[in-house]
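The residues making up each chain are set out below.
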Amino acid sequence: MHFILNILNILFLAFVYRTPVIEARRVAPLIEDDLARRPHRPAECIFGKQIRELGSTWYADLGPPFGVMYCIKCECIPVQKKRRIVARVQCKNIKNECPKPTCEEPVLLPGRCCKSCPGEYGPDIAQDVPPQITSEEEERSLKHFATLLTGKTSLPLRRDDLTPSSAFNNAYNYVATGRFNFHRKNLYYSFYLSGSTPRPRSLQFVDVSGSILEEQTINPIGGVYQNATGKLCGVWRRVPRDYRKLLREERLHVALIWEPSAILTGQLARYRALNTEQFSSLLEPAQGVDETLMSGAGATAIVSASAASAPSVHIQLVFNGVFLSDEISDVPILVQLEHLEKDYVILREEITVNKPSTELNIGEVRSAISGADLRLLARGKLGVTISSRTNPPALKLQGIIGPRATCDLYQTLLSSEAPSSASGLAWAFLDRSGALRYGVQLIGLEEESPLVTLVDDGGKKRTELEDLTPSLVGGLANGSLERPGPRLLEPLFAGELSVVTASHMGSLLRGRLVQKPVADARDTSAPILLRRLDSEPVPAGLVGLVWATVDLDCTLHYELEISGIVNSDRTMQLYLETMPLLAQGAPVARRLLEEFTGAVLEGSVTGLSSVELYRIESGISYLEVRDKIAGAILKAPFRTRTPLSCLPHYADNDVASVVAYNMQPPRSDVETSACFHETRFYEEGTQWTSKTDVCTMCHCHRGLTSCDAVPCPSMPCRTGQQLKTTPGHCCPICSAATKLNETLDDNTTPSTSTTSRGCMLAGQYHLAGASWHPYVPPAGFDTCAVCTCDIATLEVKCPRVQCPPLECDEKVAVRPDKKACCRQCPAIKSTATLPAGDALPRDQASVSSRPSAEEILASGGCKYPVGGPFENGKEWHPRIHSHGEMKCVKCRCKDGEVKCDRKRCPRSLCNSIAQQKKRGVVTAEIDDCCSTQCKRARRHQRQRHPKRTGKREHINS
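In this text, all values refer to a predicted model and were calculated from it rather than measured experimentally.

1. Thoughts on the overall build of the protein
Across its full length, the protein carries 14 helices and 59 strands. For the protein, contacts bridging at least 24 residues in sequence account for 58% of all contacts bridging at least 6. If you sum the accessible surface of the protein, you get close to 51100 Å²; carbon and sulfur atoms cover 51% of it.

2. Some words on the state of the cysteines
By definition, a disulfide is the covalent link that joins the sulfur atoms of two cysteine residues. Following the criterion strictly, the structure yields 20 disulfides and no others. The disulfide that involves Cys 71 links it to Cys 113, with 2.1 Å between the sulfurs. Looking along the S-S bond of the Cys 71-Cys 113 disulfide, the torsion reads about 110°, which is the right-handed sense. Remark: Cys 113 occurs in the loop between strand E6 (84–93) and helix H2 (135–141) and Cys 71 occurs in strand E5 (residues 68–81); sequence separation between them is 42 residues. Exposure class is identical for Cys 71 and Cys 113. Each is buried. Two residues, Cys 717 and Cys 734, share a disulfide whose sulfurs are 2.1 Å apart. Sign of the S-S torsion, about -90° for the bond between Cys 717 and Cys 734, identifies this disulfide as left-handed. Here Cys 717, found in the loop between strand E45 (704–709) and strand E46 (723–724), pairs with Cys 734, found in strand E47 (residues 733–734); they are 17 residues apart in sequence, far enough to count as distant.

3. A word on the sheet that holds strand E24 (residues 423–430)
The six strands are arranged E28-E29-E25-E24-E23-E32 in an open sheet whose pairing can be described as antiparallel. A strand with exactly one partner marks an edge of an open sheet, and here the two such strands are strand E28 (472–473) and strand E32 (514–517). Pairing of strand E23 (residues 408–414) with E24 involves five bridges; the strand directions are antiparallel. Bridge assignment links Leu 413 to a residue of E24, and that residue is Leu 425.

4. What to know about the environment of Thr 352
Tracing the backbone through its elements, the reader meets Thr 352 in strand E19 (residues 344–353). Sequence-wise, Thr 352 and Arg 389 are 37 residues apart; in three dimensions their C-alpha atoms are separated by 9.8 Å. Apart from the residues within four sequence positions on either side, Thr 352 is in contact with Asp 330, Val 331 and Pro 332.

5. Quick notes on the nonpolar core
In this structure, Val 322, Leu 377 and Ile 386 are the most contacted members of the largest nonpolar core, which totals 63 residues. Once residues lying within four places of it in the same chain are set aside, the contact partners of Leu 377 are Phe 279, Val 303, Ala 305, Val 313, Leu 382 and Ile 401. With 42 residues, the next largest nonpolar core counts Leu 54, Ala 171, Tyr 189 and Tyr 243 among its residues.

6. What about unusual backbone geometry?
A cis amide bond links Pro 777 with the next residue in sequence, Pro 778, at an omega value of 0°. Relative to the helices and strands, Pro 778 resides in the loop between strand E51 (775–776) and strand E52 (780–781). Phi angles above zero are rare outside glycine, and Arg 238 is one such case at about 55°. When you line up the elements, Arg 238 lands in the loop between strand E12 (231–236) and helix H4 (241–248).

7. Details of the pairing of strand E7 (residues 144–149)
Among the six residues of E7, five are classified as buried, and the element is accordingly described as predominantly covered. Bridge count between E7 and strand E8 (residues 176–183): six bridges; the pairing is antiparallel. Bridge pairing in E8 places Ala 146 opposite Arg 179.

8. Focus: helix H6 (residues 486–493)
Burial analysis of H6 places six of its eight residues in the buried class, the great majority of the element. Of all the residues in H6, the buried ones are Pro 486, Leu 488, Leu 489, Pro 491, Leu 492 and Phe 493. Note on H6: the residue one or two positions beyond its end, Gly 495, has a positive phi of about 75°.

9. Here's the deal with the packing of aromatic side chains
Under the definition given, this model contains 20 aromatic pairs. Their ring planes at 65° and their centres at 6.0 Å tell us that Tyr 864 and Phe 870 sit as a pair that is edge-to-face. Under the relative-accessibility criterion, Tyr 864 is labelled partly exposed at 24%. An aromatic cluster is built from Phe 180, Tyr 189, Phe 191, Phe 205, Trp 236 and Tyr 243, whose rings are joined through pairwise contacts. The side chain of Arg 590 reaches across the aromatic face of Tyr 575, ending 4.1 Å from its centre. In this arrangement the basic side chain of Lys 635 is found over the ring face of Tyr 622, its NZ or CZ atom lying 5.0 Å from the centre.

10. Comments concerning the side chain of Asp 431
Considering the arrangement of structural elements, one finds Asp 431 in the loop between E24 and strand E25 (436–443). Here the side chain of Asp 431 touches Ala 435 through a polar contact of 2.8 Å, landing on its backbone nitrogen. Ignoring any residue separated from it by four or fewer positions in sequence, one finds Asp 431 in contact with Ala 228, Thr 229, Pro 403 and Arg 437.

11. Considering the pattern of salt bridges
Under the criterion given, the structure shown has 29 salt bridges. Among the ionic pairs, Arg 179 bridges to Glu 277, the shortest N-O distance being 3.2 Å. Here the residue Arg 179 occupies a position in strand E8, and Glu 277 occupies one in the loop between strand E14 (262–267) and strand E15 (279–285), the gap between them amounting to 98 residues. Exposure remark for Glu 277: the relative accessible area of 4% places this residue in the buried category.

12. Points about the sheet that holds strand E27 (residues 463–467)
Taken together, four strands build an open sheet; the order of strands is E27-E26-E30-E31 and the sheet is antiparallel. Unpaired on one side and paired on the other, E27 and strand E31 (508–512) mark the two borders of the sheet. Across the sheet, the mean angle from the axis of one strand to that of its neighbour is 30°, orientation sign disregarded. Contacting strand E26 (451–456), E27 and strand E30 (497–502), H6 crosses the sheet at an angle of about 110° to E27.

13. Thoughts on the side chain of Asn 181
The topology assignment puts Asn 181 in strand E8. Setting aside anything within four residues of it in sequence, one finds Asn 181 in contact with Leu 142, Lys 143, Asn 186, Leu 187 and Tyr 188.

14. Considerations on the pairing of E19
Each regular strand shows side chains that alternate between the opposite faces of the sheet. In terms of strand pairing, strand E18 (residues 331–339) meets E19 through nine bridges, oriented antiparallel. Looking at the pairing, Glu 338 lines up with Val 345 of E19. Joining the antiparallel neighbours E18 and E19 is a turn of four residues, in which Asp 343 adopts a positive phi near 55°.

15. A few points about the confidence of the model for the protein
Across the protein, pLDDT averages 80, with 81% of residues at or above 70. In the model, residues 157–163 has pLDDT below 50 throughout and makes eight contacts with residues more than four positions away in sequence or in other chains. Within the model, the stretch residues 650–672 combines pLDDT values under 50 with 44 contacts to residues more than four positions away or in other chains.

16. Quick word on the environment of Ile 77
Position of Ile 77 among the secondary structure elements: in strand E5. Relative accessible area serves as the criterion here: at 19%, Ile 77 is assigned to the buried category. Taking C-alpha positions, Ile 77 is 9.2 Å from Thr 57, a pair spaced 20 residues apart along the chain. Excluding residues within four positions of it along the chain, Ile 77 makes contact with Cys 45, Leu 54, Val 86, Ala 87, Arg 88 and Gln 90.

17. Side note on the environment of Ala 428
One can find Ala 428 in strand E24. With twelve residues separating them in the primary sequence, Ala 428 and Val 440 have C-alpha atoms 9.0 Å apart. What Ala 428 contacts, discounting residues up to four positions off in sequence, is Leu 409, Tyr 410, Leu 436, Arg 437 and Tyr 438.

Cut-off values and rules
- Residues numbered from 1 in each chain as written.
- Predicted model: local features only at pLDDT ≥ 70, side-chain atom pairs only at ≥ 80, totals over all residues.
- Heavy atoms only, no water.
- Helix = DSSP H or I, 4+ residues; strand = E, 2+ residues; numbered from the N terminus.
- Contact = heavy atoms within 4.5 Å.
- Areas by Shrake-Rupley, 256 points an atom, 1.4 Å probe, with all protein chains shown as cover.
- Disulfide = S-S within 2.5 Å.
- Buried < 20%, exposed > 50% of the residue type's maximum accessible area, 1.4 Å probe, protein only.
- Pairing = 2+ DSSP bridges.
- Core = buried A, V, L, I, M, F, W, Y, C linked by side-chain atoms within 4.5 Å.
- Phe/Tyr/Trp six-rings, centres within 6.5 Å; stacked < 30°, edge-to-face > 60°.
- Lys NZ or Arg CZ within 6 Å of the ring centre and 35° of its normal.
- Polar contact = N/O pair within 3.5 Å; in protein donor to acceptor, adjacent residues only side chain to side chain.
- Salt bridge = Lys/Arg side-chain N within 4 Å of Asp/Glu carboxyl O.
- Axes fitted to C-alpha atoms, helices over the stretch in contact; angles between N-to-C directions.
- pLDDT = per-residue confidence, 0-100.

What follows is the structure, given as structure tokens:
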């Protein structure tokens, strides 16, 4: 029992202090170690610094000195908290569950909880980890799902409401359809909303009992992709294993919420046609129908087409609301494919629903159509209609067939098979009108006038489909193909459409467009092309692209793809670099975003400072890919829009102008490791001459720039010599040195200039024969030393100034000013008085004899808040407003610094006075300062040793 209590105490400490995790034998499913990079969700558990998914089990790893506790089994379990499911860690001692050994002397093997007999290697009881299917099998089983959300499919909003109705649901007449794709433990979702339906405020994934498993806030504005396509896109990242099981068993529901009384829900289900879906349609009640009968009704169509030798179309319908209440079996439904503008029917078929359902019904239509009708379908000119055979005018749903509801785009990296410095990228997607928007970026081919084409690689012979060269300007191509037909869309959907770039000089770049889900990072205007670093040895064909964005929670999302990696097992690193300004020598702040292997990386990072986000917004940041062994290989400038709520609020009354568009960060945001001066940055401890004034020297100290005017030492020239100033230098030199320099230069080669003869000291150049005071940061110029550059040997000598001997005590001597080399004795004030007739008025005399504050400070005086400034060498008693003049404290000004000392009384004086007081006779003289100090010392001694003091008093008495 005590053992269990001790273990629980250790576990409690591990949770509170987040003990770092050391080596563990088996880690069941670990999501991430870095909490700052990937914050945990309510459906995830935290143990130490590790995030565990719901349903996972592991051994308690408490770190040093305890290590892995193999008899403590922990599990991440779901806990109901009102309507939400949250994860909690539950640990228990499993030692009592160990089987009884069959031998007399069992042994405990390393990494085991239970003892076993020698030679037995059975499974340990603690290895009770649920079996898992492989990720490939799981992705195949969870590949495509869809849902229809209408008033009739929505779950009851109240516990006591058995049938949903418009009386309690303000969104009862809204219609929406969704598509879901599971990829890398993430569930990507896409929605089409009816034309009159606004964007919802939030989205929830719920189970059949209505418990909330995941909840997300919807951005009311949406990103670039969502606004161009009219879709609602997002992702549920790191779906727990238990919830993936619900999805596999079709027991997961999704809810779109506009307000507490406006909710639509729908069930996620598999449909066979989703594997080949090319177009989608959202059907609403047609105009002129009975609104009472069609309330809460809707449908979605999953459409695919083939442009082979016999063009055909296949439509799978998911619908409700086209049945009367008395129709219970074998109900005929009429499906029509019609031209919207010319009002003629292309396809009309009748299907029979055996057992109509109020919520969902499924039907399929397959038929051959002409090539012209197939082109109309690809251009968004056709619509689909579902109506009741028995009462067609009253029960009818209709909708336009457009691009498929899935949020996806197509991207590729353009590289050359042969060694080449050229590279590029391309991306494309279908907007809400069906037009193909594309973008191409090329580098290294600016001078070769390349041709950019779309090529079908699916057949035996490559076929050129579209020429994108007219839109290529300066290595960038952005445009749209307004009417892409089946000839272009079929290879695009099949992954057989390539972007080819060729030039007349033989350069050839190629890449095949690959479908990618859109969420977070890809919901931006364009990807960033990562360029090779010429100074680094990188393999040919190496190129990368990255999508990046910052969401409303100030989280940076990124999705990276690299091609041309020779060894996919090498560890790569993605870094974010920011700097205060794009200037020479700017200090770089580097943050490791993630380490990875392979060619694809998806991730996010939280905890970025407002200054880092500001620099990302301002475009003074970089993304860099490094090989952990070889170093940096790819790099590109990085900029993306950042929400104003994530930026530093320098001014509350003008955030937009001061924060978003101010390219110069304030002084507090610049790193203290470097100084910015004039047009560039300088490292800590460096010194330099100002570019605008050669007579100003500056240095960097603790992130601050300090500049001093150059003091020129006196230059005693010989008779007939004159001081001459050389361009580019501050202090003059004697004309003899100048003539000698010119004479020596006449005997040297023409490549040697006059300024080449000189000396270097602390990175500063001085002409031969020049004299100067050395510059010693952070104090500035040392005027007590004079350096000279020997005109013949070019040697630097810096002798110090020899001070004359003092005629007074060194403690009394003062410096006339702060930078004076030698101390001087204070001047003796004259006591002579003027004759009575020559006396000045009192006010005039005080004014004429008292120097100004500036003169006092310049001569080494000191600043002081009360009564100051004081002259150099002045002594005084400080004055405090609440206590008056402090007679026991004396202050003294010396060389610009104030030092105050309290009068010290010898202990022997206090002891003798105490003894005399006890005898009743006091003969020693003592002033008020010593009297107070002696009383304080006596009182302090009594407080420290009360018994000893009392005993002595008793003995003395």
